[in-house]
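As a plain string of letters, each chain reads:
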Amino acid sequence: MWLAAAAPSLARRLLFLGPPPPPLLLLLLSRSSRRRRRLHSLGLAAMPEKRPFERLPADVSPINYSLCLKPDLLDFTFEGKLEASAQVRQATNQIVMNCADIDIITASYVPEGDEEIHATGFNYQNEDEKVTLSFPSTLQPGTGTLKIDFVGELNDKMKGFYRSKYTTPSGEVRYAAVTQFEATDARRAFPCWDEPAIKATFDISLVVPKDRVALSNMNVIDRKPYPDDENVVEVKFARTPVMSTYLVAFVVGEYDFVETRSKDGVCVRVYTPVGKAEQGKFALEVAAKTLPFYKDYFNVPYPLPKIDLIAIADFAAGAMENWGLVTYRETALLIDPKNSCSSSRQWVALVVGHELAHQWFGNLVTMEWWTHLWLNEGFASWIEYLCVDHCFPEYDIWTQFVSADYTRAQELDALDNSHPIEVSVGHPSEVDEIFDAISYSKGASVIRMLHDYIGDKDFKKGMNMYLTKFQQKNAATEDLWESLENASGKPIAAVMNTWTKQMGFPLIYVEAEQVEDDRLLRLSQKKFCASGPYGGEDCPQWMVPITISTSEDSSHAKMKILMDKPEMNIVLKDVKPDQWVKLNLGTVGFYRTQYSSAMLESLLPGIRDLSLPPVDRLGLQNDLFSLARAGIISTVEVLKVMEAFVNEPNYTVWSDLSCNLGILSTLLSHTDFYEEIQEFVKDVFSPIGERLGWDPRPGEGHLDALLRGLVLGKLGKAGHKATLEEARRRFKDHVEGKQILSADLRSPVYLTVLKHGDGTTLDIMLKLHKQADMQEEKNRIERVLGATLSPELIQKVLTFALSAFFESHPAPSAERTIQQCCENILLNAAWLKRDAESIHQYLLQRKASPPTA
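Residues numbered from 1 in each chain as written. Predicted model: local features only at pLDDT ≥ 70, side-chain atom pairs only at ≥ 80, totals over all residues. Heavy atoms only, no water.

### As for the packing of aromatic side chains
Applying the stated criterion across every chain yields a total of 40 aromatic pairs. A ring pair is formed by Tyr466 and Phe470, whose centres lie 5.6 Å apart and whose planes are at 50°; its orientation type is tilted. Taken together, the residues span about one helical turn, with Tyr466 and Phe470 both in helix H8 (residues 456–470) at a distance of 4 residues. Considered together, Tyr466 and Phe470 belong to a single accessibility category, that of buried residues. Against the face of Phe392 rests Lys289, its NZ or CZ located 5.1 Å from the ring centre. The side chain of Arg345 reaches across the aromatic face of Phe282, ending 4.5 Å from its centre. (Phe/Tyr/Trp six-rings, centres within 6.5 Å; stacked < 30°, edge-to-face > 60°. Helix = DSSP H or I, 4+ residues; strand = E, 2+ residues; numbered from the N terminus. Buried < 20%, exposed > 50% of the residue type's maximum accessible area, 1.4 Å probe, protein only. Lys NZ or Arg CZ within 6 Å of the ring centre and 35° of its normal.)

Written as structure tokens, this is what we have:
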């Protein structure tokens, strides 16, 4: 499952806010306090207590579900009939299943070759979402059929079997019936053994209006009139492979589709809202390339005859990997050739790559319990980049990974309110809280480090061993480590346990000494903390794969070691005194590096002359910025390094630099020298802005478009006069219909005019939002609304954004995110107090003596 874009975006923005807390955060905190009763005196909310939990008894288990559902799209109810082939393993007079928001009408059990036994009682345990069916006589060991008739509600909770509102091309509001079962909501659609390890096959039938599309995991094998109603048909689907309940899916609604076949003969379809089939073509192209890529990489064929990708109007997650029927929110699947920006195309490619990876890693082989969820999501979050790099090498996607996932994970994992990658899960209600950046982004980052440590050949060999051994079964994290260990001969479990079972990551301090023709390096590791140097006893240790490069060959490792102790000395042979030495080639190892002053000084020319590779320039700057935030080095030193990026051509390096300067700008936003930091931003970004200009040149590509939008947005937000004037001119032409803005320029222009606009500008933006037909355009506008400065307009934006939404939709899974926000506010207050004056003096000095290019 792909996390929704909005939630991480909100969290990321809130995490770095300096004092005073903005109204939105205060609102969230106050509502959190009502849910959690109180906040600690330091502003950190207590974590929810773990609920007692027992998994389902093992005395009865399913073999096959024969399931027929009849949704009513007007009354928002559904009728269901279940006949489940089951195995009674030990004599019992009751069957315990998962069941939530469902009313059972009748239930019976028919032992094979014996008479039907009707259940005499249904005991619902609503808190545990279970039902116990009681029988008047003992069910003997053997096989039989469990029959249940039931009814349920097509709810509006975006989980289980729910209704999704959409508008037809003629403007009529209608509803589709769709599903979202991960983690534990299949039980809202039918009584079942709703645990990932309790696998079975499924024969699904849907009774639906004949003018609606009906989809499920497998291909349609029969479609016939329904006996009682000529306007209704019964659609039967082929039997599924053995699979977990959370991967079952069905959709009933009105859709168009585009179709192709992969080179392996798999039927690939992308379903879109009616009239928007054209917007499914890009995702179709990506999916058709992706399936053969994964088949070749895993050396395991895709096991189903078809794969459908469908855009759902109301969808809580970003996407969901249901086997053979992958569901997406519209912005994660649909691309309008004229109105979608370059970043949206990239986003769709990554999400499609992520969900299709799950068809093997997660669906074919499934985690035994939710404790191992991180592996499911972390692996998919890593290999999606491998896939996109294969499909679109021009995206330079691995450099973007470092900025989007690796550094984001490190920011969170340096907090006291982080958690280990692998969290022991008891009650499934705890699952939502670990669907976070640690599971996804840190998980992906340590898998990337592991892949580099093992090497691609042995990694692929180990993956094939794992998928072949456990296909249609369940596995734990340790099973993958064993397969990779067998393939590589390296101590995978010992290494990876230090990364998955304890939170945090190390700071590697390195200093060097020239010894004749060799370079002696002294390395030490300590836990990196956002609050400053680690001061506790019994400092955790990691087994760290470390790569070392030199200026002799900046793109290849001169030495690779496994640092398995607190301190190590290393001798690099044949390194001349004038050559630089750098740790963490490619910014692959999940650690930060602090160099001695002399080593750092020798690396800085590599930024200016671009002899350091882009991802290493990014990693060096990001490490320094994080060290400054933690109070380990001075922020002024980082500002000096940032000025060395004046010749930087790489989009992702600029993106990370922009993010860090944005954090610093926010930190200083309530100081009396805020304008000085904006001048610094303008000085850093003006040269690249002038080189790029406003309009694309012949021969430019994907990354040029991303860079132009980033730089113009940064300059416009900082109040760069020429950029502001041009943005206002182009916005006026766009609103009046004279010259429509290209999709790649809309975000920076919207941001600029709103930041420096008034109530009229905001009203125009809200009008554009209302008129927008594409969800991407609506989201684009929503993301910039917070740029407005006036307190009255901020309140108007809050009213528009929240609509009092959280009052009726509590979000307990946001508790940890709110704690992280609180912790960051305290850390930022300390940072401001510590460095504000020195930053101010540096900016004044710089203003008096401007640097020469």
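There's plenty left to go through after this.
### Some details on the pattern of salt bridges
If you walk through the whole model with that rule in mind, you get 48 salt bridges. Note that Asp763 and Lys796 form a salt bridge whose closest N and O atoms lie 2.5 Å from each other. Placement of Asp763 in helix H19 (residues 759–771) and of Lys796 in helix H21 (residues 791–802) is noted, with a sequence separation of 33 residues between them. Through salt bridges with shared partners, one network takes in Asp101, Glu129, Lys157, Asp185, Arg187, Arg188 and Asp194. (Salt bridge = Lys/Arg side-chain N within 4 Å of Asp/Glu carboxyl O.)

### Comments concerning the sheet that holds strand E29 (residues 592–595)
Pairing is mixed across the open sheet formed by 4 strands, whose spatial order is E27-E24-E23-E29. Since the sheet does not close on itself, it has two edges, and those belong to strand E27 (567–572) and E29, each with one partner. Between one strand axis and the next, the sheet turns through 25° on average, direction left out of account. One ladder, built from 10 bridges, connects strand E23 (residues 506–515) with strand E24 (residues 518–527); its direction is antiparallel. Counterpart to Val510 in the pairing with E24 is Leu523. Along the sheet, helix H11 (residues 597–608) contacts E23, E24 and E29; its crossing angle with E29, the most-contacted strand, is approximately 105°. Across the sheet, helix H12 (residues 614–629) touches E23 and E29, and the angle it forms with E29 is around 80°. (Pairing = 2+ DSSP bridges. Axes fitted to C-alpha atoms, helices over the stretch in contact; angles between N-to-C directions. Contact = heavy atoms within 4.5 Å.)

### So, the packing of helix H7 (residues 437–454) against H8
The interhelical angle for the contact between H7 and H8, taken along N-to-C directions, is 115°, at an axis separation of 6 Å. Considering the angle they form, H7 stands roughly perpendicular to H8. Contacts between H7 and H8 involve Ile447, Leu450, His451 and Ile454 on the former and, on the latter, Asp456, Asp458 and Phe459. (Parallel < 35°, antiparallel > 145°, perpendicular 65-115°, else oblique.)

### Details of H11
Spanning 12 residues, H11 covers 18 Å between terminal C-alpha atoms, matching the ideal 16 Å at 1.5 Å per step. Residues Met599, Leu600, Leu603, Leu604, Gly606 and Ile607 constitute the buried set of H11. Within H11, the buried residues cover an arc of 160° as seen down the axis, which keeps them to one side. Seen from the buried face of H11, the exposed residues on the opposite side, beyond 90 degrees, are Ser597, Ala598 and Glu601. In this structure, the buried side of H11 is in contact with E23, E24, strand E28 (581–583), E29, H12 and helix H13 (635–642). Leu610 lies just past H11 and shows a positive phi near 65°. (Expected span 1.5 Å × (residues − 1). Arc of directions from axis to C-beta.)

### Comments concerning the sheet that holds strand E4 (residues 102–111)
If you trace the 8 strands from one edge of the open sheet to the other, you get E5-E4-E8-E2-E1-E11-E14-E13, paired in mixed fashion. Each edge of the open sheet carries a strand with a single partner, namely strand E5 (117–118) and strand E13 (220–226). For strand E2 (residues 77–88) and strand E8 (residues 142–153), the ladder comprises 12 bridges, and the chain directions are antiparallel. Among the inter-strand pairings, Gly80 is bridged to a residue of E8, identified as Phe150.

### Remarks on the pairing of E24
Counting buried residues along E24, 7 of its 10 residues qualify, which places the element largely inside the surrounding structure. Counting the residues that bridge the hairpin from E23 to E24 gives 2 residues, and of these Glu516 lies at a positive phi of roughly 55°. Where E24 meets E27, 6 bridges bridge the pair, whose relative direction is antiparallel. Residue Leu521 lies in a different strand from E27, and its bridge partner there is Ile570.

### What about the packing of helix H4 (residues 342–358) against helix H16 (residues 702–717)?
Where H4 contacts H16, the two axes come as close as 9 Å, and the packing angle between them is 120°. If you check the angle between H4 and H16, you find them oblique. Within the contact between the two elements, H4 uses Ser342, Ser343 and Gln346 and H16 uses His702, Ala705 and Leu706. In the contact of H4 with H16, the residues fall into 2 nonpolar, 4 polar and no charged. (Nonpolar A, V, L, I, M, F, W, Y, C, P; charged D, E, K, R; others polar.)

### Remarks on the environment of Ile104
Among the secondary structure elements, Ile104 is positioned in strand E4. Taking C-alpha positions, Ile104 is 9.3 Å from Gly80, a pair spaced 24 residues apart along the chain. With sequence-adjacent residues up to four places away left out, Ile104 is seen in contact with Phe122, Tyr124, Val131, Leu133, Ile148, Asp149, Phe150 and Pro191.

### A few points about the pairing of strand E3 (residues 92–98)
Two faces make up the sheet, and in a regular strand the side chains alternate between them. Most of E3 sits inside the fold, with 5 of its 7 residues counted as buried. Here 6 bridges tie E3 to strand E7 (residues 130–139), and the two strands are oriented antiparallel to one another. Within the sheet, the bridge partner assigned to Thr92 lies in E7 and is Leu139.

### Quick word on unusual backbone geometry
Looking along the chain, the bond that leaves Glu182 and enters Ala183 is cis, with omega of 10°. Along the chain, Ala183 turns up in the loop between strand E10 (173–180) and strand E11 (201–209). At Glu516, a residue that is not glycine, the phi angle is positive and equals roughly 55°. With respect to the helices, strands and loops of the structure, Glu516 is situated in the loop between E23 and E24. Taking relative accessible area as the criterion, Glu516 reaches 73% and is therefore assigned exposed.

### Regarding the environment of Arg608
By the secondary structure assignment, Arg608 is in helix H11. Arg608 sits in the partly exposed class, given a relative accessible area of 43%. For the pair formed by Arg608 and Lys847, sequence separation is 239 residues and the distance between their alpha carbons is 22 Å. Excluding residues that lie within four positions of it along the chain, Arg608 makes contacts with Ala644 and Asn647.

### Some remarks on the confidence of the model for the protein chain
Parts of the model with low pLDDT should not have their predicted coordinates read in detail. Of all residues in the protein chain, 92% have pLDDT values of 70 or greater, and the mean over the chain is 90. Confidence drops under pLDDT 50 across residues 5–47; counting only partners more than four residues distant or on other chains, this segment forms 82 contacts. (pLDDT = per-residue confidence, 0-100.)

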